[in-house]
Amino acid sequence: MAATAQTTLDRLRKLRERIIARVRQVNKTTEEDVLSAGRHVQRVVEVAHHHIARLREVLAGPVGNEDSDLGRAIRSQSEHVRQHTASVGKAVAEHAAQVAAVAEQVRSITTAAREIERLNAAARVLSINARIEASRSSGSAVFGTIANEMQQLSKAIASANKTVCDLANAMEKSVPQLVRQNHTLAHVVEGYAVEARDRIDVVERRVAELRVAVSATLAESDNALAEIVKESHAALSKLQFQDVCAQGLLQIDGWVAEATRETAVDLGVEAEIAPVAHASVTNDDVELDRREAGEVMLF
Amino acid sequence: MKKILVIDDSPTVRQQVGLALSQAGYQVLEAVDGVDAIGKVDASIAMLICDVNMPRMNGLEMLEKLRADARWKALPVVMLTTEGQPALIERAKKAGAKGWIIKPFKAELLVAAVQRLTA
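Along each chain, residue indices are assigned from 1 in the same order as the chain's sequence is written. Chain A is the first chain written and ligand 1 is the first ligand written, with later ones labelled in order. With pLDDT at 70 or above as the cut-off, local features in this predicted model cover only qualifying residues; side-chain atom pairs require 80 or more to be listed or tallied, and sums for whole chains, interfaces and linings still use all residues.

A. Local environment of the overall build of chain B. Counting its regular elements, chain B contains 5 helices and 5 strands. N-terminal to C-terminal, the α/β element order of chain B is β-α-β-α-β-α-β-α-β-α. The burial tally for chain B puts 52% of its 119 residues in the buried class. Any pair of residues counts as being in contact when their C-beta atoms, constructed from backbone geometry, are within 7 Å of one another. Taking all contacts inside chain B whose residues are at least 6 apart in sequence as the whole, residues at least 24 apart take part in 60%. Per the convention used, a helix needs a DSSP run of H or I reaching at least four residues, while a strand needs a run of E reaching at least two, with both numbered from the N terminus. Here the C-beta atoms are placed from the backbone, and a residue counts as buried if at least 20 other C-beta atoms lie within 10 Å of its own, exposed if 12 or fewer do, and partly exposed otherwise.

See below:
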């Protein structure tokens, strides 16, 4: 009888050993796979984090905001063009004023030349009078000399005045050309200024649009990352079945141990029963389908 | 970066808690049971998340031993377990646990609880 009892207990012990070995093997396999799945989930999140950080680094620096590199460069270039255009416009206006002043000066020269011509006519009259006086006074040497000097002076003045008049005439012809050239230059400069302003406006508008698009893209990326993290949390939550199932399987050993203990009592023999594989503070069964799972109680 | 000590004999649970918390910006340390945890607790730890059923020293024993040391009286401890019996929850509460979360947990709720207790 005692031998039969011992045989029964040995069979139960071997059954426990086989159950524990198999359960641990199964748990080890599921544990390895779940750990691997967890690492994959983490990798997905890390790749998303890295990608979005890189996207932010590449886009936010050049065009992320008004103080970004591209924004500053374009503002600087636009300001440079505006200043340059204004300088050229100012130079053209100054040139126009100078041309007008030259025209006025040419007119003054012409007036002065006419006055010189009038004075020279008076000198010629004086020369003629001196010659008449020389005839009357039987060839007076004094009047003759005066008549000759006056004639020489008149000729010299006439020659000089002709040079001045020729120069004034030439300048009078050049001034309208200068005025036309100035008008043409002013027109070109104004056209360039308008075109430059239009192009600057287009560039600034495009940069502003790009900034908005970048901002929207980064916001979408942040949302995508949040979604990825949220999904990863859901995946991690689902992966927890492994621990609950592992505990549930190990609990089978507890049931067999209990059955062994009860059998030993029934057979009236002493049995040395190995500790159960699943350490638990209660004897309650592990519930694989808990309704309250995930419940958080904060005290 | 706040440090959280996760105590669980299951490597999958340690990994899952660790991933959820590290994604939320926490540094996660691990211990495999109560004995291991007692040896790893120091002043840099902001909070403990502890399983109940573990070999060598279970979570409730660890909590009671921790609270017996004046240095760790205020250290937040949340139990994370498959157990849900009111008597166990009450025992943990009396021992100074700040919370009880039943496995399988929802990662976002765990993170929210940690954020609240470490704020």
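B. Seen up close, the overall build of chain A. In terms of helices and strands, chain A carries 4 helices and 1 strand. Each helix (α) and strand (β) of chain A, taken in turn from the N terminus, gives the series α-α-α-α-β. Atoms counted for the radius of gyration: C-alpha only. Globule rule: 2.2 Å times residue count to the power 0.38. Over its C-alpha trace chain A gives a radius of gyration of 57 Å, far above what one expects of a compact globule, namely 19 Å for 299 residues. Principal-axis analysis of the C-alpha atoms places the extent of chain A at approximately 195 × 30 × 30 Å. The 299 residues of chain A split such that 12% are buried. A fraction of 82% describes how many contacts in chain A between residues 6 or more apart in sequence connect residues 24 or more apart.

C. View of the pairing of strand E1 (residues 3-7) of chain B. Residue and element names in this part refer to chain B. Most of E1 is tucked away: 4 of the 5 residues are buried. A strand pair is defined by DSSP finding two or more bridges across the two strands. Direction of pairing for E1 relative to strand E2 (residues 27-31): parallel, over a ladder of 5 bridges. Bridged to Lys3 within E2 is Gln27. Handedness of a crossover: with both strands directed away from the viewer, a clockwise path from the first strand across the helix to the second marks it as right-handed. Chirality of the crossover, the property in question, places the unit of E1, helix H1 (residues 11-23) and E2 among those that are right-handed. Examined bridge by bridge, E1 and strand E3 (residues 45-50) share 5 bridges and lie parallel to one another. Within E3, the position partnered with Ile7 by the bridge is Cys50.

D. Representation of helix H1 (residues 2-63) of chain A. Compared with the 92 Å implied by 1.5 Å per residue over 62 residues, the 89 Å span of H1(A) between its first and last C-alpha is a close match. Where H1(A) is buried, its residues contact helix H2 (69-136), helix H3 (141-239) and helix H4 (241-267) of chain A together with H1 of chain B. To estimate the expected span of a helix, count its residues, drop one, and scale the result by 1.5 Å.

E. Here's a closer look at the interface of chain B and chain A. With 37 residues of chain B in contact, the opposing surface of chain A contributes 35 residues. Within the residue set of the side of chain B that touches chain A, elements represented by two or more residues are H1, helix H4 (86-95), strand E5 (99-102) and helix H5 (107-118) of chain B. As a working rule, the residues Ala, Val, Leu, Ile, Met, Phe, Trp, Tyr, Cys and Pro are called nonpolar, Asp, Glu, Lys and Arg charged, and the rest polar, with Gly in that last group. Of the residues contributing to the side of chain B that touches chain A, the split by class is 19 nonpolar, 11 polar and 7 charged. Two elements, strand E1 (residues 296-298) of chain A and E5(B), share 3 bridges in a ladder whose sense is antiparallel. For Leu298(A), the partnering residue across the bridge sits in E5(B) and is Gly99(B).

F. Up close: the domain arrangement of chain A. In terms of domains, chain A is made up of domain 1 (1-38 + 240-290) and domain 2 (82-211). Note that the domain bounds were set by an automatic or database domain assignment. The C-alpha centroid of domain 2 of chain A is placed 121 Å from the C-alpha centroid of domain 1 of chain A.

G. Inspection of unusual backbone geometry at higher detail. Residues and elements named next belong to chain B. The omega torsion across Lys103 and Pro104 is -5°, close enough to zero to call that bond cis. Its location among the elements puts Pro104 in the loop between E5 and H5. With phi around 65°, Arg56 is a residue other than glycine that occupies positive phi space. As for its position among the elements, Arg56 is in the loop between E3 and helix H3 (59-67).

H. Broad picture of the nonpolar core. A set of buried residues drawn from Ala, Val, Leu, Ile, Met, Phe, Trp, Tyr and Cys, joined through C-beta atoms within 7 Å, is what defines a nonpolar core. In this structure, Ile49(B), Cys50(B) and Leu110(B) are the most contacted members of the largest nonpolar core, which totals 44 residues. Every residue in contact with Ile49(B), bar those within four places of it in the chain, is listed here: Ile4(B), Val6(B), Ile7(B), Val17(B), Val78(B) and Leu80(B). Judged by nonpolar contacts, the second largest core, of 5 residues, contains Ile20(A), Ala246(A), Leu249(A) and Ala277(A).

I. Structural context of the confidence of the model for chain B. pLDDT measures the predictor's confidence residue by residue and takes values from 0 up to 100. Averaged over all residues, the pLDDT of chain B is 94; the fraction at 70 or higher stands at 100%. For this predicted complex, the interface confidence score (ipTM) comes to 0.88, while the overall pTM stands at 0.73.

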